[in-house]
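# Observations on the three-dimensional arrangement
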Amino acid sequence: MEKLYFCTMLMESDKHITGPIGVFDSGYGGLTILRDMRLLLPQYDYLYLGDNARAPYGNRSFELVYRFTLESVEALFDRGCRLVILACNTASAKALRSIQQRDLPMIDPTRRVLGIIRPTVEKLGELSHSHHVGIMGTRGTISSRSYEIETAKLHPSFTVTGHACPMWVPLVENGEAYSDGADYFIKKEIDALISGDPEIDALILACTHYPLLLDKIKRYTPPHISIVTQGEIIAHSLEDYLHRHPEIDSRCSRSGRVEYLTTESAGRFSDMASLFMGEPAQASHIEPGKKTHTTLCPTI
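Residues numbered from 1 in each chain as written. Predicted model: local features only at pLDDT ≥ 70, side-chain atom pairs only at ≥ 80, totals over all residues. Heavy atoms only, no water.

Turning to the nonpolar core, a few remarks are in order. As a rule of thumb, nonpolar side chains are buried together in soluble globular proteins. Core analysis: the biggest nonpolar cluster contains 69 residues, and L31, L83, W168, Y210 and Y260 have the highest contact counts within it. Not counting residues up to four positions away in its chain, the partners in contact with W168 are M136, F185, I186, E189, I190, Y210, L213 and I217. If you look at the next biggest cluster of nonpolar residues, it comprises 25 residues, including F68, A75, L76 and I286. (Core = buried A, V, L, I, M, F, W, Y, C linked by side-chain atoms within 4.5 Å. Buried < 20%, exposed > 50% of the residue type's maximum accessible area, 1.4 Å probe, protein only. Contact = heavy atoms within 4.5 Å.)

What follows covers the sheet that holds strand β6 (residues 159-164). Here four strands make up an open sheet; going across it, the order is β6-β5-β7-β8 and the pairing parallel. In this open sheet, the two strands that pair with only one neighbour each are β6 and β8 (226-228). Averaged over all pairs of adjacent strands, the angle between their axes in this sheet comes to 20 degrees, without regard to strand direction. (Pairing = 2+ DSSP bridges. Helix = DSSP H or I, 4+ residues; strand = E, 2+ residues; numbered from the N terminus. Axes fitted to C-alpha atoms, helices over the stretch in contact; angles between N-to-C directions.)

Turning next to the environment of Y44. Residue placement: Y44 occurs in the loop between α2 (31-40) and β2 (46-50). A residue is classified by how much of its surface remains accessible, and Y44, at 5% relative accessible area, is buried. Between the alpha carbons of Y44 and C252 there is a distance of 6.9 Å; along the sequence they are 208 residues apart. With near-sequence residues (within four places) excluded, Y44 lies in contact with I21, L242, D249, C252, S253, R254, G256 and R257. Only 3.1 Å separates the side chain of Y44 from the side chain of R254, close enough to count as a polar contact. (Polar contact = N/O pair within 3.5 Å; in protein donor to acceptor, adjacent residues only side chain to side chain.)

A word on the confidence of the model for the protein. Here the protein shows a mean pLDDT of 91. Residues at 70 or above account for 91%. Of the regions scoring below 50 in pLDDT, residues 1-10 engages in four contacts with residues more than four places distant in sequence or in other chains. Every residue in residues 292-300 is under pLDDT 50, and counting partners more than four places away or in other chains gives 22 contacts. (pLDDT = per-residue confidence, 0-100.)

On to the sheet that holds β2, then. By way of backbone hydrogen bonds, the strands of a sheet pair with one another, either parallel or antiparallel. Spatially, β4-β3-β1-β2-β9-β10 is the arrangement adopted by the six strands of the open sheet, whose pairing is parallel. Where the open sheet ends on each side, the last strands, each with one partner, are β4 (112-114) and β10 (283-285). Direction aside, neighbouring strands of the sheet carry axes that sit 25 degrees apart on average. One ladder, built from three bridges, connects strand β9 (residues 258-262) with β10; its direction is parallel. What sits directly across from T262, in β10, is H285. Sheet strands touched by helix α5 (residues 96-107): β3 (83-86) and β4. Its angle to β4, the strand with the most contacts, is close to 170 degrees. Seen against the sheet, helix α13 (residues 231-244) touches β1 (21-25), β3 and β4 and runs at an angle of roughly 155 degrees to β3.

Further remarks concern empty space enclosed by the protein. Per the stated rule, a full pass over the model turns up two cavities of 30 Å³ or more. Counted as a void, the largest cavity has a volume near 150 Å³. Lining the largest cavity are 18 residues, with S26, T90, T138, C207 and H209 positioned closest to its centre. The residue makeup of the lining of the largest cavity, split by class, is seven nonpolar, nine polar and two charged. (1 Å grid on protein atoms, 1.4 Å probe; cavity = no way out; pocket = protein on both sides within 12 Å on 5 of 7 lines; lining within 4 Å. Points joined across faces, edges and corners; volume = space filled by probe spheres on them. Nonpolar A, V, L, I, M, F, W, Y, C, P; charged D, E, K, R; others polar.)

For the coordinates displayed, the defined rule picks out nine aromatic pairs. Between F24 and Y57, the aromatic rings sit 6.2 Å apart at their centres with planes inclined by 45 degrees, giving tilted as the arrangement. Remark: Y57 occurs in the loop between β2 and α3 (62-78) and F24 occurs in strand β1; sequence separation between them is 33 residues. For Y57, a relative accessible area of 1% puts it in the buried group. Relative to Y260, the ring of Y48 has its centre 6.5 Å away and its plane inclined at 55 degrees; by these criteria the two rings are tilted. (Phe/Tyr/Trp six-rings, centres within 6.5 Å; stacked < 30°, edge-to-face > 60°.)

Assignment of secondary structure puts D51 in the loop between β2 and α3. There is a polar contact of 2.8 Å between the side chain of D51 and the side chain of R54. With residues up to four places along the chain from it excluded, the contact list for D51 reads F24, D25, S26, G27, Y57, F68, S72, T263 and P288.

Put into structure tokens, the structure is as follows:
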């Protein structure tokens, strides 16, 4: 009882402390989400964490993705974040629900962790006239069927066809996004998706790396198909969320700063982040899964 009382007192005193908005991804792709957040909401502070040492998450089990994601969320909490966005489709698909329902009540019920799948699905009603939608993502995102599940809830008349693109993330992270060799893999996967359902008229790029392949994706996608990238959608969803939840908004600090953390090489991450963000970026290294502070409310 003493521990529980102490934890409650800590959370009560913590209500007026502000911190940056945390943005998590397994690697670099979430930077495309962060970029659009900063364009729309530049007044806030942001802290980005890329778990590059353990990326990619796409082919990992549910259990590993959940554990890695929870460790990274706790690392962002330890550094002052009151709100964390999982800017990673695989983490949103495999870990978000467990963290929200099982872990947050024990860590600190006043903090929030949000994903990027539901806000994306909410937009489909405005984009598809045929009610046939294609999803392109990692094996982990596609095998989770998270987009099908969410679409069935919000748009029950829609038909969703998922297709995994295992080569697309390596193309981006190995600097081959603009190479001639990338065309083969991009055309191959788009053709395979459309042959599975020729009625598709909206295509969700359900991986935050894929916007860096957008020019080539457009080249091989029929012009009647709308291509949905997530950055702008998530940025507007965040703006709406903060407007509807002033108790969370008041705990997000505002000085227009952004900081970057990575579990791998800080130098390599800084170079890639500068490419994604279109401005110089300097990252700091942290050890994956290693806690450096005591979480606000420890599990009891």
